[in-house]
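# Topology and contacts: notes
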2 protein chains.
Amino acid sequence: MREKAQVREVGPRDGIQMVKTILTTEQKLKWVREEAAAGAKYFEATSFVPPKVIAQFADAPDVATGVLDIPGIEAAALVPNLKGAQRAFDIGCAKVNYVLSASEAHNQSNVRRSTDESLQGFRDIMAEHSARGLKGKVVIGAAIATSFGCTIQGHVSEKRVVEIAVELAKAGADEISLADTVGYGNPAQIRRLFTDVTKAVGKIPLAAHFHDTRGLGIANVSAAVEAGVRRFDASLAGLGGCPFAPGATGNIATEDCVFLLEELGFDTGIDIDKLIPLRKEVESWLPGERFFGMVARAGLPKTYRATQQAA
Amino acid sequence: MREKAQVREVGPRDGIQMVKTILTTEQKLKWVREEAAAGAKYFEATSFVPPKVIAQFADAPDVATGVLDIPGIEAAALVPNLKGAQRAFDIGCAKVNYVLSASEAHNQSNVRRSTDESLQGFRDIMAEHSARGLKGKVVIGAAIATSFGCTIQGHVSEKRVVEIAVELAKAGADEISLADTVGYGNPAQIRRLFTDVTKAVGKIPLAAHFHDTRGLGIANVSAAVEAGVRRFDASLAGLGGCPFAPGATGNIATEDCVFLLEELGFDTGIDIDKLIPLRKEVESWLPGERFFGMVARAGLPKTYRATQQAA
């Protein structure tokens, strides 16, 4: 029995928030449906940001409703505030992901509030979650954006990231993600900060959200694995980016992340060979975009999943 | 004082052995000269394979002679056999790199000999090296290709790689490289095999030669660093590949490798900002090729080299 690791497809959310094409609701649902058929179980399917901020998510309620019909998956909706969470709760989303930023500058740019105000926003969401009796029914994830640095403010204090994680834990988060929103993280820093946050928050599962802006994305996954992390966001074809973080580029590619984790001996449940045709279809929907990831081009090695065996 | 790490530019050898364009001798020398001006000290500048095998290296004697005029660098020539080594010794190359393959199938494809015959070839080179009184004057590197798997034969025995390394050490190699010729290696395997080889060969410095075929190249560098490796081959723009290993693609990109090592706290001596214009020039020489590496596209973070500092 191999240990399980989660690769969470965030393409239908992070992956398409900066692309030029607005996908149809049916395309977004098809993406989730076909990736689920390839074995993916975890998704961030849409975002309840106001459509005037990101037009791509004007159909968020339809996508969030549509994914409820796909069996065997846990589909999350990203929410920037209480109102977004209420909409997600109303629909019955399996998971709600809240995001705030460790960088004050990025948090202001992203949601026009201080990080402390955003922390209070999370407490308000948790109060609503309790009041509605959703504890143990709707999973709440909390993500700390720009945990490893910020293109606006530069350095981000690791101590501050730990403090924020502790506050999110106290407020009742079921999971805490550290996000390298702009690809500033390196393996040593990843190992150190995930270790420190683990010590500070105890048993709450940690997740990693990495962008491959400067080529270290997969190295950072490997480092996070060493620090005990087993949950990773990724986007098919390495799509993605943050419209409020200058210079942000794509998430780590789902295909390459799955490849790494399987080669490290983990069971992701995902069949890479089935991701490749889906990737091609998604590419065909998004003319003029850049696509990343190496496995889709090179194919799997003859020795795939066998390298852990004895020499 | 930061610990030093070597990034060795292999672009003028591995990087161009599969490209469609034959570079001029002056272009190859300009590449080395300008990268030396960016702080690079270590190069694999050419290959003494027969020109009928790889036409790109018909000017190997001229390149090997030309680099002797570039101050402050150690430029190696790759040699496939004793005859190649004799030519390199005649010219006065600072370093001679011999390569043999842990995969019998790849060794046959590459040099039409068994791995044991190639080991004997290395002993013959070392005898010549001694006979000419070059001990302590000309550095001899020995590289074990397909150390982590082979596109022809598939699995490669780790025990066999250790055995070969021990034989190379006994024969007097000044350095032993483990090469992931076809991008089959993963971080766990890298950590394990470099650790095992270190135990077996003692104090001889180990080097890593990784290709980024399936996206794990930089993660593998990070893993090798953990195993104590401080010498890494890389190619500007991620060029490269082996004509005798089906499916082989580019080396890890020099820019990204330097970025990782500097972010991990090492001193490579290389100024990434000076690599970018050189990369553009090399790209202009090689129409129709694919270029890789993320740092050249995204630029350096605001926090470059500062991420190791206290939180």
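This is a predicted model, so every value here is computed, not measured. (Residues numbered from 1 in each chain as written. Chains lettered and ligands numbered in written order. Predicted model: local features only at pLDDT ≥ 70, side-chain atom pairs only at ≥ 80, totals over all residues. Heavy atoms only, no water.)

Glancing now at the packing of aromatic side chains. Tallying each qualifying case throughout the model produces 10 aromatic pairs over all chains. Aromatic rings pair up to connect Phe148, Phe194 and Phe210 of chain A into one cluster. (Phe/Tyr/Trp six-rings, centres within 6.5 Å; stacked < 30°, edge-to-face > 60°.)

A cluster of basic residues, Lys52, Lys83, Arg87 and Arg112 of chain B, forms a positive patch at the surface. Structurally, lysine 52 of chain B is set in the loop between strand E2 (42–47) and helix H2 (60–66). (Patch = residues over 30% accessible without salt bridge, like charges linked within 9 Å, V, L, I, M, F, W, Y side chains within 5 Å. Areas by Shrake-Rupley, 256 points an atom, 1.4 Å probe, with all protein chains shown as cover. Salt bridge = Lys/Arg side-chain N within 4 Å of Asp/Glu carboxyl O. Lys, Arg positive; Asp, Glu negative; His and termini not counted. Charge placed at Lys NZ, Arg CZ, Asp CG, Glu CD. Helix = DSSP H or I, 4+ residues; strand = E, 2+ residues; numbered from the N terminus.)

Residue and element names in this part refer to chain A. Within the closed barrel, the eight strands sit side by side as E1-E2-E3-E4-E5-E6-E7-E8. Their pairing is parallel. For this sheet, the mean inter-axis angle between neighbouring strands, taken without regard to orientation, is 25°. Sheet topology places strand E6 (residues 175–180) next to strand E7 (residues 206–210); five bridges connect them, and they run parallel. Paired with aspartate 180 across the strands is phenylalanine 210, a residue of E7. Contacts from helix H3 (residues 82–91) reach strand E3 (74–79), strand E4 (95–101) and strand E5 (139–145) within the one sheet, and its direction differs from that of E3 by about 155°. (Pairing = 2+ DSSP bridges. Axes fitted to C-alpha atoms, helices over the stretch in contact; angles between N-to-C directions. Contact = heavy atoms within 4.5 Å.)

A word on the interface of chain B and chain A. If you look at the interface, chain B gives 44 residues, while chain A gives 45 residues. Between chain B and chain A, a total of about 3800 Å² is buried, with carbon and sulfur atoms accounting for 58% of that surface. For the interface between chain B and chain A, the tally reads two salt bridges. Close ionic contact of arginine 191 of chain A with glutamate 226 of chain B constitutes a salt bridge, the shortest N to O distance being 3.3 Å. Between chain B and chain A we count 12 residue pairs in polar contact (both at pLDDT 80 or more) in total. Of all the elements in the fold, those that place two or more residues in the side of chain B that touches chain A are helix H6 (158–171), helix H7 (187–201), helix H8 (217–226), helix H9 (254–263) and helix H11 (295–298) of chain B. Class assignment of the residues belonging to the side of chain B that touches chain A gives a composition of 18 nonpolar, 14 polar and 12 charged. (Buried area = accessible area lost by both parts, 1.4 Å probe. Polar contact = N/O pair within 3.5 Å; in protein donor to acceptor, adjacent residues only side chain to side chain. Nonpolar A, V, L, I, M, F, W, Y, C, P; charged D, E, K, R; others polar.)

Let us now look at the UniProt feature "domain: Pyruvate carboxyltransferase" (unreviewed entry) in chain A. UniProt feature "domain: Pyruvate carboxyltransferase" (unreviewed entry): in the numbering of this structure it lies at residues 5–276 of chain A. Counting secondary structure, residues 5–276 of chain A comes out at 40% helix and 17% strand; the distance between its end C-alpha atoms is 20 Å. (UniProt positions renumbered as here; feature names shortened; annotations may be inferred.)

Turning next to the packing of helix H8 (residues 217–226) of chain A against helix H9 (residues 254–263) of chain A. All names here are of chain A. Axis separation between H8 and H9 bottoms out at 10 Å; the angle between their running directions is 40°. When the axes of H8 and H9 are compared, the pair comes out oblique. H9 is crossed by H8, and the crossing has right-handed handedness. Contacts between H8 and H9 involve Ile218, Val221, Ser222 and Val225 from the first element and Asp256, Cys257, Leu260 and Leu261 from the second. (Parallel < 35°, antiparallel > 145°, perpendicular 65-115°, else oblique. Left-handed = near helix turned anticlockwise from the far one by under 90°.)

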